[in-house]
Structures are given as C-alpha cells and as structure tokens.
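For reference, the chains in residue letters:
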Amino acid sequence: MEIKETLESLKSTTLVKIEQATTLDELNTIRVSTLGKKGSMTEVLRGMKDLSPEMRPVVGSLANEVRDTLTEALEAKKEMLETKAMNEALLNETIDVTLPGKELNNGTPHILTQVMEEIEDVFLGLGYEIIEGYEVEKDYYNFERMNLPKDHPARDMQDTFYITEDMLLRTHTSPVQARTMEKHDFTKAPLRMISPGKVYRRDSDDATHSHQFHQIEGLVIDENITMADLKGTLEVLLKKLFGEDRKLRLRPSYFPFTEPSVEVDISCFKCGGKGCNVCKHTGWIEILGAGIVHPSVLEMSGVDSEKYSGFAFGLGPDRVAMLKYGVNDIRNFYQNDIRFLEQFKVKG
Ligand code: DAH
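Bear in mind the structure is a predicted one, so any value in this text is a computation, not a measurement.

Trainee: Describe the overall build of the protein chain, naming the residues involved and giving the relevant values.
Mentor: In terms of regular secondary structure, the protein chain is built from 11 helices and 9 strands. Relative to the 2.2 N^0.38 estimate, which gives 20 Å for 348 residues, the radius of gyration of the protein chain is 45 Å and therefore markedly larger than a compact globule would have. Oriented by its inertia axes, the alpha-carbon framework of the protein chain measures out at about 135 × 45 × 40 Å. The contacts in the protein chain between residues at least 6 apart in sequence include a share of 67% that link residues at least 24 apart. About 20300 Å² of surface is accessible on the protein chain, with carbon and sulfur atoms providing 52% of the total.

Trainee: I'd like a description of the side chain of Lys 11, backed by residues and values.
Mentor: Tracing the backbone shows Lys 11 in helix α1 (residues 2-20). Overall, the relative accessible area of 18% leaves Lys 11 in the buried class. Once residues lying within four places of it in the same chain are set aside, the contact partners of Lys 11 are Glu 65, Val 66, Thr 69 and Leu 70.

Trainee: Could you give an account of helix α5 (residues 111-125), with specific residues and numbers?
Mentor: Since one α-helical turn is 3.6 residues long, residues separated by three or four positions face the same way. Look at α5: 21 Å from first C-alpha to last across 15 residues, which is about the 21 Å you get at 1.5 Å a residue. Gly 127, located one to two residues past α5, shows a positive phi value of around 85°.

Trainee: Just give me the short version of the packing of aromatic side chains, but keep the residues and values in it.
Mentor: Ring pairs (aromatic) are described by centroid distance and by the angle formed between their planes. Throughout the structure, instances matching the rule amount to 11 aromatic pairs. Between Phe 123 and Phe 313, the aromatic rings sit 5.5 Å apart at their centres with planes inclined by 25°, giving stacked as the arrangement. You can see Phe 123 sitting in helix α5 and its partner Phe 313 sitting in strand β9 (residues 309-315), a full 190 residues away along the chain. Judged by relative accessible area, which is 2%, Phe 313 ranks as buried. Where Tyr 140 meets Tyr 141, the ring centres are 5.2 Å apart and the plane angle is 70°; that geometry is what we call edge-to-face. Judged by relative accessible area, which is 10%, Tyr 141 ranks as buried. These aromatic residues form a ring-pair network of at least three members: Tyr 325, Phe 333, Tyr 334, Phe 340 and Phe 344. The ring of Tyr 141 is capped by Arg 179, whose NZ or CZ atom sits 3.9 Å from the centre of that ring.

Trainee: So what's going on with the nonpolar core? Residues and values would help.
Mentor: With 46 residues, the main nonpolar core has Leu 234, Leu 238, Ile 287, Phe 313 and Phe 333 as its most contacted residues. Once you skip the residues sitting within four places of it in the chain, Leu 234 turns out to touch Leu 248, Val 264, Leu 288, Ala 290 and Phe 313.

Reading the values: the criteria
Residues numbered from 1 in each chain as written. Predicted model: local features only at pLDDT ≥ 70, side-chain atom pairs only at ≥ 80, totals over all residues. Heavy atoms only, no water. Helix = DSSP H or I, 4+ residues; strand = E, 2+ residues; numbered from the N terminus. Rg over C-alpha atoms; globule rule 2.2 N^0.38 Å. Contact = heavy atoms within 4.5 Å. Areas by Shrake-Rupley, 256 points an atom, 1.4 Å probe, with all protein chains shown as cover. Buried < 20%, exposed > 50% of the residue type's maximum accessible area, 1.4 Å probe, protein only. Expected span 1.5 Å × (residues − 1). Phe/Tyr/Trp six-rings, centres within 6.5 Å; stacked < 30°, edge-to-face > 60°. Lys NZ or Arg CZ within 6 Å of the ring centre and 35° of its normal. Core = buried A, V, L, I, M, F, W, Y, C linked by side-chain atoms within 4.5 Å.

So, in structure tokens, the structure goes:
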C-alpha cells in the first residue's frame with residue numbers, strides 16, 4: 001500500500017509545483033526531476049519489483065495514470081507560459097507609428113545656384129539655349145574677338161590670372177558669344193542663348209569684389225534686332241526677379257563689344273524710387289550692362305553685319321543675389337559658412 005500513497009502524494013505535490021511554476025525553465029526542471037531518468041517517479045516505479053504479483057497491475061495502472069496526468073499538466077502549463085511569453089514580447093515590441101520620425105537633414109542648392117536657375121528658367125521660357133563656355137579661355141576669345149586688341153586700355157579693368165601668355169582664366173562670359181556665333185548657322189534659325197558661369201579677375205577681395213564671381217551672358221542675333229527687343233527682354237527678366245512694378249532705365253555707357261552700349265537700372269524695389277539705403281538715395285539700382293552687338297564682333301565671327309544685328313547683355317548673379325536677399329558682403333557666398341548658407345534653404 002505504501003507505494004500507492006507515495007504515488008498519490010507525488011502526483012499532488014507535483015501538480016502544485018506545476019501550478020506555481022512561472023517560467024518555462026522552472027517547468028522544465030520540474031519535468032526532469034519527476035519524469036526524467038533519475039526523476040522521483042522513476043525512482044518509485046523501481047520499487048514495483050518488490051510487489052506481490054496481484055498488486056503489480058493495480059499499482060502499474062495507477063503509475064500510468066499519475067504519469068499521464070503529470071505529463072498533461074506539464075504540457076498545458078507549458079502552452080500557457082509560451083502564450084504568455086509571446087504576448088509579453090508582442091507588447092514590448094509594439095511600434096508606435098505615431099511617434100515623430102527621424103528628421104533627415106537634406107542639403108540645399110547654394111543661394112547663387114538658386115538665383116542662376118531662376119534666371120535660366122526665365123530664358124528657357126523665352127526659347128533661349130543655355131550654353132556653357134570655358135573657364136580657361138584663350139586671350140584671343142576673351143579679348144580680341146570681343147574687340148579688345150592687345151593694347152586696348154579697357155583691358156586694364158579686366159586683369160586676370162594667366163595660364164600661359166595666350167591662355168587665361170576668363171574675365172567675363174562674353175567669349176562664349178564669339179564661340180557660339182562662329183558655329184551657328186544663321187540661315188537655319190536665329191541665335192538666342194544665355195551662358196552662365198564663373199569668371200575671374202585680379203581684384204583685391206572686398207565687400208563687393210571677389211577674384212572669382214559669376215556672370216550670365218545673353219546674346220540674340222537675327223535680322224532686324226533692335227534696342228527695343230533688348231529692353232523688352234530685360235523688362236521680362238527684371239520684373240520676374242525684382243517685382244512686377246519695377247521700371248527700367250537705360251543710361252548710355254561704353255563696352256568695346258557693343259555699340260551703342262547701356263547700363264540698365266531698375267527702380268528701387270525697396271523704396272519704389274523715393275530713395276533709401278539700398279538705392280543710395282537715387283531711386284535707381286544699377287543691374288547690368290548691355291548693348292547692340294558691335295558690327296566688328298559680328299564680322300570677326302563670320303556674321304554678315306549688314307544682314308544681321310543683335311543685342312547682348314552681361315548680368316552678375318552675385319549682385320542680383322546680394323540685392324534680392326540683402327547680403328552686404330560678396331565674400332559670404334564663397335566662405336562656406338553653413339550658418340549663412342542655411343538661411344537660403346529651399347522649402348521642400
Ligand atoms: N562683359 C562685360 C563685363 O564683364 C559685361 C557685359 C556688358 C556683357 C555688356 C555684355 C554686354 O554682353 O553687352 O563687364
């Protein structure tokens with residue numbers, strides 16, 4: 001009888017232990033210590049050999065019943081603990097999709113790039129081509145073909161960095177005029193182009209001068225092009241850049257490659273013409289140089305100056321950007337100070 005009681009008490013104490021187990025590890029320990037090879041259940045069954053032949057089947061079936069009950073209880077508890085562990089994991093790993101994301105710090109085009117692209121867009125809309133020239137240019141194209149022969153006094157204002165005697169860093173984008181005209185077939189179509197890019201001068205850097213800056217050259221050649229075409233075109237551009245109610249003023253000037261030549265002013269966009277610090281109390285702001293292409297410049301590029309005429313202009317995007325955004329030192333554009341550049345972030 002003793003063995004039956006041992007089995008019964010083993011069953012009830014183990015069921016309590018199973019009931020109280022809180023982890024899968026604990027549960028496993030219980031299983032091994034009860035039903036394992038060296039477990040208490042196995043130990044008890046070893047005592048079966050001392051039983052009388054009549055008792056053996058009775059105790060045997062009780063032992064089976066105890067083992068099945070414990071196995072089932074262990075299985076059930078195991079399943080329960082696994083489900084619990086899974087639910088806890090799901091709860092802990094929940095992603096809150098409403099949390100703000102990590103902000104990506106996108107860069108932005110340089111303010112000068114933005115201004116140049118704004119100008120390019122206006123001319124693309126007017127049917128112009130954008131043509132890139134060479135920053136390292138021949139003296140011949142930079143000066144001679146623009147009507148500035150070797151001893152011309154106007155070369156003084158455009159001293160530059162020489163690579164060799166005949167090669168230099170271009171002082172303006174005007175040589176692109178000559179290079180484009182000499183290749184263009186005027187019997188097929190008129191020429192309308194702008195050419196943006198970097199130019200160089202041997203200037204001492206100060207608030208308004210930099211040894212490297214930017215220009216946008218413009219050139220239109222066709223039959224019967226006049227000053228009226230020039231004025232109308234620049235009006236479209238300058239109103240777009242500085243406001244629809246800007247007025248234009250052309251003042252006589254001199255450039256070796258245009259005749260007549262003009263300086264183009266706009267009515268001040270800050271005070272509207274009354275006079276303020278931006279327009280130095282004149283009501284007008286000087287924006288660019290322009291003119292009717294000199295017949296010699298046409299002829300040197302193989303263009304018949306009796307048949308064709310054209311206008312040209314040269315615009316400084318650095319100056320446009322300084323005026324538009326109230327930047328008072330051109331050197332800010334070239335110093336790569338992120339605090340300055342970030343002020344002109346394109347809104348995404
Ligand atoms: N090339 C001139 C300069 O750098 C700017 C200029 C003036 C260009 C008049 C032109 C023009 O095409 O017609 O000072």
